[in-house]
Amino acid sequence: MALTPALATLLRGRLALPVVASPLFIISNPALVIAQCTAGVVGSFPALNARPAEALADWIMQIQDALADWDAHNPDRPSAPFAVNQIVHRSNVRLEHDMEVCTRHRVPIVITSLGARPEVNEAVHSYGGAVLHDIINDRFAKKAIEKGADGLIAVAAGAGGHAGTLSPFALMQEIRAWFDGPVALSGAIATGSAVLAAQAMGADLGYIGSAFIATEEANANPAYKQAIVDGDADSIVYTNLITGVHGNYLRPSLVAAGLDPDNLPASDASKMNFGGDKAKAWKDIWGSGQGIGAVQAVVPTAALVARMAREYAEARNRLARTQPELAPAPALAPVLAAT
């Protein structure tokens, strides 16, 4: 698959692992993003995490300064770029302000969600940035590319937070039938071997969120982090009750909120609203993907990335050893190589 020139320039020689760390509402903060980028994966955060709105510029400058300092002291291991997630749904009253801040500070990558807006893509392209748009089916994927997104985040079944229901095999197959640009695949990815599997299906990058909740830098309640460690795929419940958009949540947090996970009412999707302070829902009821069985402890972000990078290399070597009829694995994943 081919990266766009903007993404190829941003990522060349800067990834230890072909991964984008997904933006986690409430949880992703500058400390986590900096740790992700310096460990060698694309770090990201939702613009709405910076509260009040005036804090967004401070967050971006804090991340930029920290990464510039890292690069100056680690020229042989430069940091990965960072991304800011914009909810482009019409109810997000901060969008115009937040996009002006991102444009002024030339945020390298913007991740857009819940709608595709040409004017947002044009703003990012005006300074040479790249836009990745998250989608849950092929129809939305086509709309995103038609409206000017550079690449896609394919959110398949099993992903944390707002998630789709399609098998990653089916979703990637349909997208790759017509699109050869950048794709990150999301859905229960929490190991290096799963990242390699995503690439085998046609993705350029893995898109990982839930595993980063159980890191020391994450802005999550210690009980939430421990619930990720203790949980597994059977701990996840899929519902649209919390925000109006279907997503995956930890069963114990629903029970703690007085809800019956097996008898949740449906929400009216037309009433979803990202304009006010929606933090309480995600603070008390915890989102998570199905891949958390791979998370065994709360660790520093650098240790998590190192573990997955080791698993990625081991999986490649295992395939070469057990499937000798296959062509040898390349020295680097395609997204890591110079293009």
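Residues numbered from 1 in each chain as written. Predicted model: local features only at pLDDT ≥ 70, side-chain atom pairs only at ≥ 80, totals over all residues. Heavy atoms only, no water.

## Structural notes on the overall build of the chain
Move 1: Counting its secondary structure elements, the chain contains 12 helices and 11 strands.
Move 2: For 339 residues, the compact-globule formula gives about 20 Å, and the C-alpha radius of gyration of the chain, at 19 Å, lands near that figure.
Move 3: Within the span of the chain, comprising 339 residues, buried residues form 54% of the whole.
Move 4: A separation of at least 24 residues holds for 66% of the contacts in the chain among residues at least 6 apart in sequence. (Helix = DSSP H or I, 4+ residues; strand = E, 2+ residues; numbered from the N terminus. Rg over C-alpha atoms; globule rule 2.2 N^0.38 Å. Buried < 20%, exposed > 50% of the residue type's maximum accessible area, 1.4 Å probe, protein only. Contact = heavy atoms within 4.5 Å.)

## Describing the sheet that holds strand 10 (residues 236–239)
Move 1: Strand order across the open sheet formed by 3 strands is 7-11-10, with antiparallel pairing between neighbours. Strands with a single pairing partner mark the edges of an open sheet, and in this sheet they are strand 7 (161–162) and strand 10.
Move 2: As paired strands, strand 10 and strand 11 (residues 247–250) are joined by 4 bridges and run antiparallel to one another. Within the sheet, the bridge partner assigned to threonine 239 lies in strand 11 and is glycine 247. (Pairing = 2+ DSSP bridges.)

## Brief notes about the nonpolar core
Move 1: Core analysis: the largest hydrophobic core is formed by 75 residues, its most contacted members being Phe82, Ile175 and Phe212.
Move 2: By residue number, the principal contributor to this core is helix 3 (residues 55–73), which donates 7 residues.
Move 3: Ignoring anything within four residues of it in the chain, the contact list for isoleucine 175 reads Ile135, Asp138, Ala141, Leu152, Ala154 and Val183.
Move 4: Listed in part, the 21 residues of the second largest apolar core include Leu7, Ile109, Ile153 and Ala159. (Core = buried A, V, L, I, M, F, W, Y, C linked by side-chain atoms within 4.5 Å.)

## Describing the pattern of salt bridges
Move 1: Applying the stated rule across the entire model yields 8 salt bridges.
Move 2: Across the pair glutamate 100 and arginine 104 runs a salt bridge, and its minimum N-O distance is 2.9 Å. Here glutamate 100 and its partner arginine 104 are both found in helix 4 (residues 95–104), 4 residues apart, which amounts to about one turn of the helix.
Move 3: Residue classification places arginine 104 among the partly exposed residues on the basis of a relative accessible area of 47%. (Salt bridge = Lys/Arg side-chain N within 4 Å of Asp/Glu carboxyl O.)

## What to know about the confidence of the model for the chain
Keep in mind that low pLDDT regions are not for reading the predicted coordinates in detail.
Move 1: This prediction gives the chain a mean pLDDT of 91; 91% of its residues lie at or above 70.
Move 2: Here residues 330–339 is a poorly scored stretch, pLDDT under 50, and it has 23 contacts once near neighbours within four places are set aside; other chains count. (pLDDT = per-residue confidence, 0-100.)

## Comments concerning helix 12 (residues 301–322)
Move 1: Compared with the 32 Å implied by 1.5 Å per residue over 22 residues, the 31 Å span of helix 12 between its first and last C-alpha is a close match.
Move 2: Every buried residue belonging to helix 12 is among Thr301, Leu304, Val305, Arg307, Met308, Glu311, Tyr312, Ala315 and Arg316, and all of these are buried.
Move 3: In this structure, the buried side of helix 12 is in contact with helix 2 (30–39), helix 8 (192–200) and strand 9 (205–208). (Expected span 1.5 Å × (residues − 1).)

## Brief notes about the side chain of threonine 38
Move 1: With respect to the element layout, threonine 38 can be found in helix 2.
Move 2: With a relative accessible area of 17%, threonine 38 lands in the buried category.
Move 3: A polar contact of 2.8 Å, which involves the side chain of threonine 38, links it to the backbone oxygen of isoleucine 34.
Move 4: Separated by 3.3 Å, the side chain of threonine 38 and the backbone oxygen of alanine 35 make a polar contact.
Move 5: If near-sequence neighbours (up to four positions away) are discounted, threonine 38 is found in contact with Leu67, Trp70 and Ser79. (Polar contact = N/O pair within 3.5 Å; in protein donor to acceptor, adjacent residues only side chain to side chain.)

## Details of the packing of helix 4 against helix 5 (residues 118–125)
Move 1: Across the interface, helix 4 lies against helix 5 with an axial gap of 9 Å and an inter-helix angle of 20 degrees. Considering the angle they form, helix 4 stands roughly parallel to helix 5. Where helix 4 crosses over helix 5, the two elements pack in a sense that is right-handed. Contacts between helix 4 and helix 5 involve Leu95, Met99 and Thr103 on the former and, on the latter, Val120, Ala123 and Val124. (Axes fitted to C-alpha atoms, helices over the stretch in contact; angles between N-to-C directions. Parallel < 35°, antiparallel > 145°, perpendicular 65-115°, else oblique. Left-handed = near helix turned anticlockwise from the far one by under 90°.)

## Considering the state of the cysteines
Move 1: According to the stated counting rule, one finds 0 disulfides in the structure shown.
Move 2: Unpaired in this structure, cysteine 37 has its nearest cysteine sulfur neighbour in cysteine 102, at a distance of 14 Å. (Disulfide = S-S within 2.5 Å.)

## Things to note about the environment of glycine 40
Move 1: When you line up the elements, glycine 40 lands in the loop between helix 2 and strand 2 (43–46).
Move 2: Once the C-alpha coordinates of glycine 40 and glycine 158 are considered, the two residues, 118 residues apart in sequence, prove to be 25 Å apart.
Move 3: If sequence neighbours within four positions are ignored, glycine 40 has contacts with Arg14, Leu15, Ala16, Leu17 and Ala80.

## Some thoughts on the environment of serine 193
Move 1: For serine 193, the location among the structural elements is in helix 8.
Move 2: Distance from serine 193 to alanine 35, taken between C-alpha atoms, is 22 Å for residues 158 residues apart in sequence.
Move 3: For serine 193, the contacting residues outside a window of four places in its chain are Glu311, Tyr312, Ala315 and Arg318.
Move 4: There is a polar contact of 3.0 Å between the side chain of serine 193 and the side chain of threonine 191.

## Digging into the packing of helix 2 against helix 12
Move 1: Close contact between helix 2 and helix 12 brings their axes to 9 Å; oriented N to C, the two are set at 35 degrees. Classified by chirality, the crossing of helix 12 by helix 2 is right-handed. For the pair formed by helix 2 and helix 12, the contact residues are Leu32, Ala35, Gln36 and Ala39 on the first element and Thr301, Ala302 and Val305 on the second.

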